[in-house]
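Chain by chain, the residues:
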Amino acid sequence: GAVVSQHPSRVICKSGTSVKIECRSLDFQATTMFWYRQFPKKSLMLMATSNEGSKATYEQGVEKDKFLINHASLTLSTLTVTSAHPEDSSFYICSARDQTVGPQHFGDGTRLSIL
Amino acid sequence: TQLLEQSPQFLSIQEGENLTVYCNSSSVFSSLQWYRQEPGEGPVLLVTVVTGGEVKKLKRLTFQFGDARKDSSLHITAAQPGDTGLYLCAGASQAGTALIFGKGTTLSVSS
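In this report, we go over the structure that sits alongside the text. Quick caveat, the model's predicted, so the values are computed rather than measured.

Now for the pairing of strand β9 (residues 85-92) of chain B. Residue and element names in this part refer to chain B. For β9, the tally of buried residues reaches eight of eight residues, placing the bulk of the element in the interior. Here seven bridges tie strand β4 (residues 31-37) to β9, and the two strands are oriented antiparallel to one another. Bridging from a neighbouring strand, glutamine 33 pairs with alanine 90 of β9. Two elements, β9 and strand β11 (residues 105-110), share three bridges in a ladder whose sense is antiparallel.

Here it is, written out as C-alpha cells:
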C-alpha cells in the first residue's frame, strides 16, 4: 500500500526557533500533498495544499509567511514553522495522494512542542 | 463553505455492543472516506465510498453512503476494545480537491 513518511515524529524546542517537518511519499509519486493541524481530541484542520513545482495554496486564516511550504519534488514536501511560539504547539500531519482522484494517505504526524 | 456534521462526538460503550456513527452534510460529495486514528499517529484509511446508496463491509464494520451522496454512516457490530480510537469522516466535493473532515467521533470500548 501507499506509504507516507513524516519526520521528525516529535520536536521540542525553544520559542523563536524555526522548525522544518518533512513529508515523503515512499512508494509513489505525489503531485499533491496536504498539510493539516490537529489539536488534542479534535479533527484535522487543513492548513494548505502543496503542489509540486508551484506555490502552495493556503486556507483562510493560515499565515503563509509563518508556515512555509516547499514541494520541490514528487516525493517530498516540507513545512517550516518560522519563529515558532508556544501557540504553534500542535500535532501536524501531512497527507499525499498517489492519483489525481485517489484517496489521501497520511503520515504519522509530528508533535511540535514550543517551550 | 461545505461542512460535515459528525455525531456523536464521544461514545463510551461496553464490549459486545453495537454502535453507529453518522456523518451529514447539506452538500453533495463526490466521494467520502472514513478514517480511524489512534493517539500520536496519523489517520488510517478504512474505506472510500463513491456511489450513492453504496454499502461496504469491512469485517464488523459496515459503511453506507446515502442515496443523495450527502450523508454516510459507520456501523460497528459487537464492538471490541481494539476498536477504540478516533473515527473521522472526510469528503471531497469534487474529485481531486482537498478533503473536508468531520469533527470526529472518539470511541471508547471497555471490556
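Now for the interface of chain A and chain B. Across the boundary between the two partners, chain A contributes 18 residues, which contact 20 residues of chain B. Roughly 1,400 Å² of surface becomes buried between chain A and chain B when both sides are summed, with 60% attributable to carbon and sulfur atoms. On the surface where chain A and chain B come into contact, there are zero salt bridges. At the junction of chain A and chain B, the tally comes to three residue pairs in polar contact (both at pLDDT 80 or more). Elements with a minimum of two residues in the side of chain A that touches chain B: β4 (32-38), β5 (44-51), β9 (90-97) and β10 (104-106) of chain A.

Here the focus is the sheet that holds strand β1 (residues 4-7) of chain A. Hydrogen bonds along the backbone pair up the strands of a sheet, which may run parallel or antiparallel. All names here are of chain A. With antiparallel pairing, four strands are arranged side by side in an open sheet as β1-β3-β8-β7. Of all strands in the sheet, those with a lone pairing partner are β1 and β7 (67-73), marking the two edges. In this sheet, adjacent strand axes meet at a mean angle of 15° when their direction is disregarded. Judged from the six bridges that link them, strand β3 (residues 19-25) and strand β8 (residues 76-81) form a sheet pairing that is antiparallel. Its bridge partner lying in β8, isoleucine 21 is registered against leucine 79.

Residues and elements named next belong to chain A. In terms of nonpolar packing, the biggest core is built from 24 residues, with Trp35, Phe67, Leu79, Tyr92 and Leu112 touching the most fellow members. Counting residues per element, the ones that place at least two in this core are β2 (10-13), β3, β4, β5, β7, β8, β9 and β11 (110-114). Those residues in contact with leucine 79 that sit more than four places away from it in its chain are Val19, Lys20, Ile21, Trp35, Phe67, Leu68, Ile69 and Tyr92.

In this section: the packing of aromatic side chains. Centre distance and the angle of the planes are the two values used to describe a pair of aromatic rings. A full pass over the atoms with the stated rule returns seven aromatic pairs over all chains. Centroid distance tyrosine 36 of chain A to phenylalanine 106 of chain A: 5.6 Å. Interplanar angle 45°. Geometry classified as tilted. Note that tyrosine 36 of chain A is positioned in strand β4 and phenylalanine 106 of chain A in strand β10, a separation of 70 residues in sequence. We note that tyrosine 36 of chain A, like phenylalanine 106 of chain A, is buried. When the ring of tryptophan 34 of chain B is compared with that of phenylalanine 63 of chain B, the centres are 6.5 Å apart and the planes differ by 45°; the resulting orientation is tilted.

What follows is about the sheet that holds strand β6 (residues 55-58) of chain B. All names here are of chain B. As summarised here, the arrangement of the five strands in space is β1-β3-β8-β7-β6, forming an open sheet in which the pairing is antiparallel. A strand with exactly one partner marks an edge of an open sheet, and here the two such strands are β1 (5-7) and β6. The mean angle between the axes of side-by-side strands here comes to 15°, regardless of whether they run parallel or antiparallel. Of the pairings in the sheet, the one linking strand β3 (residues 19-24) to strand β8 (residues 71-76) comprises six bridges and is antiparallel in character. The partner of tyrosine 22 across the bridge, within β8, is serine 73.

Summed over the entire model, instances satisfying the criterion amount to two disulfides over all chains. Two residues share a disulfide in this structure: cysteine 23 of chain A and cysteine 94 of chain A, whose sulfurs sit 2.0 Å from each other. Its torsion about the S-S bond being 80°, the disulfide of cysteine 23 of chain A and cysteine 94 of chain A is classed as right-handed. Here cysteine 23 of chain A is found in strand β3, whereas its partner cysteine 94 of chain A is found in strand β9, with 71 residues between them in sequence. By relative accessible area, cysteine 94 of chain A is classed as buried at 0%. Put simply, cysteine 23 of chain B and cysteine 89 of chain B are joined by a disulfide, and their sulfur atoms are 1.9 Å apart. With the S-S dihedral at roughly 65°, the linkage between cysteine 23 of chain B and cysteine 89 of chain B falls on the right-handed side. Of this pair, cysteine 23 of chain B sits in strand β3 while cysteine 89 of chain B sits in strand β9, and the two are 66 residues apart along the sequence.

Analysis parameters
- Residues numbered from 1 in each chain as written.
- Chains lettered and ligands numbered in written order.
- Predicted model: local features only at pLDDT ≥ 70, side-chain atom pairs only at ≥ 80, totals over all residues.
- Heavy atoms only, no water.
- Buried < 20%, exposed > 50% of the residue type's maximum accessible area, 1.4 Å probe, protein only.
- Helix = DSSP H or I, 4+ residues; strand = E, 2+ residues; numbered from the N terminus.
- Pairing = 2+ DSSP bridges.
- Contact = heavy atoms within 4.5 Å.
- Buried area = accessible area lost by both parts, 1.4 Å probe.
- Salt bridge = Lys/Arg side-chain N within 4 Å of Asp/Glu carboxyl O.
- Polar contact = N/O pair within 3.5 Å; in protein donor to acceptor, adjacent residues only side chain to side chain.
- Axes fitted to C-alpha atoms, helices over the stretch in contact; angles between N-to-C directions.
- Core = buried A, V, L, I, M, F, W, Y, C linked by side-chain atoms within 4.5 Å.
- Phe/Tyr/Trp six-rings, centres within 6.5 Å; stacked < 30°, edge-to-face > 60°.
- Disulfide = S-S within 2.5 Å.

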